[in-house]
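Structure at a glance
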Amino acid sequence: MSKLGNLGARLYRGEVGYDFIGKRKIWYGVSILITITAIVGLAVRGLNMGIEFSGGAVFTTPKTSVSTAEAQHSAESAAPGHQATVQQLGGGALRIQISGLDTKQSLPVQEEIAKDLKVPVKDVNTQLVGPSWGEQIADKAWLGLGIFMVLVVLYLAVAFEWRMAVAALVALIHDLTITVGVYALVGFEVTPGTVIGLLTILGYSLYDTVVVFDSLKEASKDITKQSRFTYSEIANRSINGTLVRSINTTVVALLPVAGLLFVGGGVLGAGMLNDISLALFVGLAAGAYSSIFIATPLVADLKNREPQMKALATRVAAKRASAAAKEAAGQEGTDSGADDGAEDDGEGAAVIGPRPQSASSRNRGRGRPSGGRR
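Here's what I pulled together on the structure shown here. (Residues numbered from 1 in each chain as written. Predicted model: local features only at pLDDT ≥ 70, side-chain atom pairs only at ≥ 80, totals over all residues. Heavy atoms only, no water.)

Examining the overall build of the chain
Helix and strand content of the chain: twelve helices and six strands. Burial statistics for the chain: of 374 residues in total, 39% are counted as buried. By sequence separation, contacts in the chain at least 24 residues apart represent 76% of the contacts at least 6 residues apart. Carbon and sulfur atoms provide 61% of the accessible area of the chain, an area that totals close to 21300 Å². (Helix = DSSP H or I, 4+ residues; strand = E, 2+ residues; numbered from the N terminus. Buried < 20%, exposed > 50% of the residue type's maximum accessible area, 1.4 Å probe, protein only. Contact = heavy atoms within 4.5 Å. Areas by Shrake-Rupley, 256 points an atom, 1.4 Å probe, with all protein chains shown as cover.)

Structural data, given as structure tokens:
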């Protein structure tokens, strides 16, 4: 068996483990700090909305030796007062987006771009996008997100309990906030591919959380009928039992997404792959973190507020205190017996040869002959 598999088996059996629940305040603090950073980045820099949402024109050029910086300067010079975004595609082609252009303005801009880039005008592909289309996509995305959240809460409340539903919802909002904040900080363009990526990570984020919750539900069945473990301890064992599985699942899912982000988007220059892969990469990593460090500790906090769990914690503490007192008393008795034995051994060791007899014992021995006449 591999070392990782052996570690997973030991974690599952409870032989080793890390106290995730006991250090939950640290994880809460880290998440709050990351979330505040994401919100500040979103408020200061804002999202770089793609042309699909703002409206404008997209010009795709053939292979050219002009750099992206030069192409952006040329596009903004051809369309004064409009913001241009240039992405390099595979094979040296360029994708130039200019927001706010209408049909009449696009033709002269196309000619000017072709002239500056020294390519034929007919080889520059022009595509116009209206802002209403982007608004429809945004509205449908918000609607889909709202329906998904409601269905998730209802499912978890029925399949598990409302505390787990609340914890899962907090974890999902946590993941979405971090992902959107990273988009604002990095400056990546928000496109329909970004919306698809955001909606996709919700399922991945929820997967690890449900796996841990299912293990916790099974382990905490009839928990109030025993007095060996508290709810927090059982929750901690559930996290440790599924830890290696969560890591393996996340790593396997991140590898192809990292290939899309760093190879497909960075090396090959595939623009839309960046939009989808960045959302998936950040969302998967945040989802694995939230299922371990946020969702389950939050469930433990909510459950520990129940009177039954408070009573259970009191019984467990009392039983452990009683066992510790008995063990201490037994240890003291063992130490005392060992000391007495040592003293007896010392007295016996001081006597060498037969023990001396008293005078009366000697007289009785002489007064009772073993045989013969008196």
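This is not the end of the story, as more comes after the structure.
Some points on the pattern of salt bridges
Enumeration over the complete set of coordinates arrives at eight salt bridges. The salt bridge partner of Lys303 is Glu161, with a shortest N-O separation of 3.5 Å. One end of the pair, Lys303, is in helix α10 (residues 271-303); the other, Glu161, is in the loop between α6 (131-159) and α7 (162-186), with 142 residues separating them in the sequence. Side by side, Lys303 and Glu161 carry an identical accessibility label, which is buried. Here Asp222 ties to Lys225 by a salt bridge, and the two come within 4.0 Å at their closest N and O atoms. Look at Asp222 and you get partly exposed, because its relative accessible area is 46%. A residue is classified by how much of its surface remains accessible, and Lys225, at 70% relative accessible area, is exposed. Within the structure, one salt-bridge network assembled from shared partners comprises Glu161, Arg163, Lys303 and Glu306. (Salt bridge = Lys/Arg side-chain N within 4 Å of Asp/Glu carboxyl O.)

Here's the deal with the sheet that holds strand β4 (residues 94-99)
Backbone-to-backbone hydrogen bonds pair the strands of a sheet. The strands run either parallel or antiparallel. With antiparallel pairing, the four strands of this open sheet are ordered in space as β3-β4-β2-β5. Two strands lie at the open edges of the sheet, namely β3 (84-88) and β5 (125-129), each paired on one side alone. Averaged over all adjacent pairs, the angle separating strand axes in this sheet is 15°, with direction ignored. When strand β2 (residues 56-61) meets β5, the two strands line up antiparallel, connected through five bridges. Residue pairing for β5: Phe59 is matched across the bridge by Thr126. Sheet strands in contact with helix α4 (residues 68-78) are β3 and β4, and its direction is about 150° off that of β3. (Pairing = 2+ DSSP bridges. Axes fitted to C-alpha atoms, helices over the stretch in contact; angles between N-to-C directions.)

A few points about empty space enclosed by the protein
Gaps between atoms show up when a probe of the same size as a water molecule is rolled over them. In this structure the tally under the stated criterion is one cavity of 30 Å³ or more. Estimates place the volume of the largest cavity at around 60 Å³. Lining the largest cavity, in full, are Tyr204, Tyr207, Asp208, Thr249, Thr250, Ala253, Leu284 and Ala288. Split by residue class, the lining of the largest cavity holds five nonpolar, two polar and one charged. (1 Å grid on protein atoms, 1.4 Å probe; cavity = no way out; pocket = protein on both sides within 12 Å on 5 of 7 lines; lining within 4 Å. Points joined across faces, edges and corners; volume = space filled by probe spheres on them. Nonpolar A, V, L, I, M, F, W, Y, C, P; charged D, E, K, R; others polar.)

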